[in-house]
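Breakdown of the fold
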Amino acid sequence: MEARSRDLRVVAGAIAVSTMGDFVAAVALALQTNELWKGIGVSVIFIALWSPIVLLAGHAGLVVDRFETRRVAIAAALFQCVVAAALAFMTGSVTAILALTALLGVGAAFGQSAEFALVPLLAGTRSLSRANGVVESARSLGLALGPLIGGALAASVGTRWAMLADSASFLLIAVALGSVAVRRRVSHTETAGFRARDGLTILFAERTLAIATTAGALTLVFMSATIPADFVYTIDELDKSALALGLVITLWAAAMILASLLVAPRVPAHAVAVGALLAASVQGFSKFLAPFWMVFPFMCACYLVGGAGHGVKNTLFRTLIHQRVEPSRHGQAFAAYNGLRNGAELIALAAGGVLVAAIGGAGTLWLAGGGAGVVGLVGAVLLSTRSAGQPAAARANAS
């Protein structure tokens, strides 16, 4: 038990460092690319980073479920270490930056799926929700610190050193994962019929997962469309500084961390799907309500609640997949889920920019935030009106 607890902490720490490294790189490269390619530099960096996660979801999941998972995670970290180091010396060419950033995304597609598949083995006597809460809080910590560190490094010592720091973070991840005792091996007989396109089929194979996945993806489209609105609403419409915007983002991330650790593990195993969609609804309605009283402290209070909903939603969605998908297919299922999530974000970021230009920051928060709230609520109602039994094979993982 003690060894499992240590290994869970190690993997959670690796996920925190990995997420932080992703955003250190993304922010530093976005700033650099924006200097070389004015106007669209920020957008193209995120497209280059996230597109491989979407396009390679099926193949990444298949690799994770066919090979020893810890080794896949280590190989992905070492690959990203080399790519990030190469990026440090190629920051003068937009073409090289985009190509190497896409390779970072390739490593992320495999590494993130492998880390997810290890979690049930690391839970020990913990519930899956509690183990996933630890992992999600670590990811949220990396999300909170990464942009800040990336911006500070790029501004103080330049993009090259930011990328070298990112490269060092991936080396640290590989070393940490190498110390983990747990191994995940799926037998060849279990994986013989697996195909790269099976991931999405798994997520829609039974009613509860299908409804939760569909509603979750739609809420994410709406929520991601609110991201450009956060900037415009805070700085232009509330007439606040960039520091105020940073405070709002920090409050959101802090609430995610606390809710992942303290709230999500208290949701009963049988209510995980409904709880995930209700949390998504809370997340959306928090942004919907903020502009009704255009006062900055009220916005902060709404975003604290929204961040808590975000943390609970992410934790419970991970737990739902662990519960309802056969353990031998966890890599494929999460890779497909990750691909859907990143695909939705890519579409929504572009749509959010158009909405902000058309109806302003407050209008976008009303429309997109309210849309997310309604979709999450409808999905939760659909799930609660007709009970869907949990597969026997998955029930063993829910305890």
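Residues numbered from 1 in each chain as written. Predicted model: local features only at pLDDT ≥ 70, side-chain atom pairs only at ≥ 80, totals over all residues. Heavy atoms only, no water.

Some points on the overall build of the chain
Helices and strands together make up the secondary structure of the chain, namely 16 helices and zero strands. When burial is assessed residue by residue, the chain has 55% of its 399 residues classed as buried. A sequence separation of at least 24 residues applies to 87% of the contacts in the chain between residues at least 6 apart. Entry remark: accessible area of the chain is about 16000 Å², with carbon and sulfur atoms responsible for 70%. (Helix = DSSP H or I, 4+ residues; strand = E, 2+ residues; numbered from the N terminus. Buried < 20%, exposed > 50% of the residue type's maximum accessible area, 1.4 Å probe, protein only. Contact = heavy atoms within 4.5 Å. Areas by Shrake-Rupley, 256 points an atom, 1.4 Å probe, with all protein chains shown as cover.)

What to know about the pattern of salt bridges
Pairing of side chains with opposite charge becomes possible as their charged atoms draw close. In the structure shown here, the tally under the stated rule is five salt bridges. The salt bridge involving glutamate 136 is made with arginine 139; its shortest N-O contact spans 3.1 Å. Note that glutamate 136 and arginine 139 are positioned in helix 6 (residues 128-156) at a spacing of three residues, about one turn of the helix. Neither glutamate 136 nor arginine 139 differs from the other in exposure class; each is buried. With a closest N to O distance of 3.0 Å, arginine 324 and glutamate 206 form a salt bridge. Highlighted residues: arginine 324 in helix 14 (residues 296-324) and glutamate 206 in the loop between helix 9 (198-203) and helix 10 (207-225), separated in sequence by 118 residues. On the accessibility criterion, arginine 324 (12% relative accessible area) is buried. Put simply, Glu136, Arg139 and Arg318 are held in one network by salt bridges that share partners. (Salt bridge = Lys/Arg side-chain N within 4 Å of Asp/Glu carboxyl O.)

What to know about the side chain of threonine 226
Among the secondary structure elements, threonine 226 is positioned in the loop between helix 10 and helix 11 (227-237). By relative accessible area, which is 0% here, threonine 226 ends up buried. Leaving out residues up to four positions away in the same chain, threonine 226 has contacts with Lys287, Leu365, Ala368 and Gly369.

What about the nonpolar core?
If you look at the biggest cluster of nonpolar residues, it comprises 48 residues, and the most contacted ones within it are Leu29, Leu87, Leu104, Leu122, Met163, Ile173 and Leu177. With 11 residues, helix 5 (residues 94-122) is the single largest residue contributor to this core. Ignoring sequence-local partners within four residues, the contact set of leucine 104 consists of Ala25, Leu49, Gln80, Val83, Ala84, Leu87, Met163, Asp166 and Phe170. Judged by nonpolar contacts, the second largest core, of 28 residues, contains Ala259, Ile321, Tyr337 and Ala380. (Core = buried A, V, L, I, M, F, W, Y, C linked by side-chain atoms within 4.5 Å.)

Observations regarding the state of the cysteines
Throughout the structure, instances matching the rule amount to zero disulfides. The cysteine cysteine 300 is free of any disulfide, with cysteine 302 supplying the nearest cysteine sulfur at 9.4 Å. Judged by its relative accessible area of 7%, cysteine 302 is buried. (Disulfide = S-S within 2.5 Å.)

As for the packing of helix 6 against helix 14
Contact geometry for helix 6 and helix 14: axes closest at 9 Å, N-to-C directions at 135 degrees. By the angle between their axes, helix 6 is oblique relative to helix 14. In the packing of helix 6 onto helix 14, the handedness of the crossing is right-handed. Counting all contacts with helix 6, which are made through Leu128, Ser129, Asn132, Gly133, Val135, Glu136 and Arg139, the residues of helix 14 involved are Gly311, Asn314, Thr315, Leu316, Arg318, Thr319, His322 and Gln323. (Axes fitted to C-alpha atoms, helices over the stretch in contact; angles between N-to-C directions. Parallel < 35°, antiparallel > 145°, perpendicular 65-115°, else oblique. Left-handed = near helix turned anticlockwise from the far one by under 90°.)

Here we look at unusual backbone geometry
The phi torsion at aspartate 239 lies on the positive side, around 60 degrees, for a residue other than glycine. Its relative accessible area of 66% is what places aspartate 239 among the exposed residues.

Some remarks on the confidence of the model for the chain
When pLDDT is averaged along the chain, the result is 84, and 89% of the positions lie at 70 or above. Mean pLDDT per element in the chain: helix 16 (residues 392-398) is the minimum at 41, and helix 13 (residues 272-289) is the maximum at 96. Contacts from residues 388-399, a stretch scored under 50 in pLDDT, to residues over four places away or in other chains number 25 contacts. (pLDDT = per-residue confidence, 0-100.)

What about the packing of helix 10 against helix 14?
Across the interface, helix 10 lies against helix 14 with an axial gap of 11 Å and an inter-helix angle of 155 degrees. As judged from the angle between their axes, helix 10 and helix 14 are roughly antiparallel. Judged by the twist between their axes, the crossing of helix 10 over helix 14 is left-handed. Taking contact as the criterion, the partners of Thr208, Leu209, Ala212, Thr213, Gly216 and Leu220 in helix 10 are, on helix 14, Lys313, Phe317, Leu320, Ile321 and Arg324.

Observations regarding the packing of aromatic side chains
Taken as a whole and judged by the stated rule, the model has eight aromatic pairs. With a centroid separation of 6.2 Å and 70 degrees between ring planes, the pair formed by phenylalanine 285 and phenylalanine 288 is classed as edge-to-face. Placement of the pair is phenylalanine 285 and phenylalanine 288 together in helix 13, with a separation of three residues, close to one helical turn. Assessed through its relative accessible area of 28%, phenylalanine 285 is described here as partly exposed. For the pair phenylalanine 317 and tyrosine 337, a centre-to-centre distance of 5.9 Å together with 25 degrees between the ring planes defines the contact as stacked. In this pair, phenylalanine 317 sits in helix 14 while tyrosine 337 sits in helix 15 (residues 330-385), placing the two residues 20 residues apart along the sequence. (Phe/Tyr/Trp six-rings, centres within 6.5 Å; stacked < 30°, edge-to-face > 60°.)

Things to note about helix 6
Its 29 residues place the ends of helix 6 41 Å apart at the C-alpha level, agreeing with the 42 Å of an ideal helix rising 1.5 Å per residue. Bending of helix 6 peaks at approximately 30 degrees at the position of leucine 145, with proline proline 147 no more than four residues after it. Glycine 158 lies just past helix 6 and shows a positive phi near 100 degrees. (Expected span 1.5 Å × (residues − 1). Bend = angle between axes of the 7 residues up to and from the residue.)

Here we look at the environment of leucine 258
Within the secondary structure, leucine 258 sits in helix 12 (residues 242-262). Residues leucine 258 and glycine 133, 125 residues apart in the sequence, show an inter-C-alpha distance of 9.2 Å.

Observations concerning the side chain of asparagine 342
Residue placement: asparagine 342 occurs in helix 15. When near neighbours in sequence (up to four residues on either side) are disregarded, asparagine 342 contacts Trp50, Ile53 and Val54.

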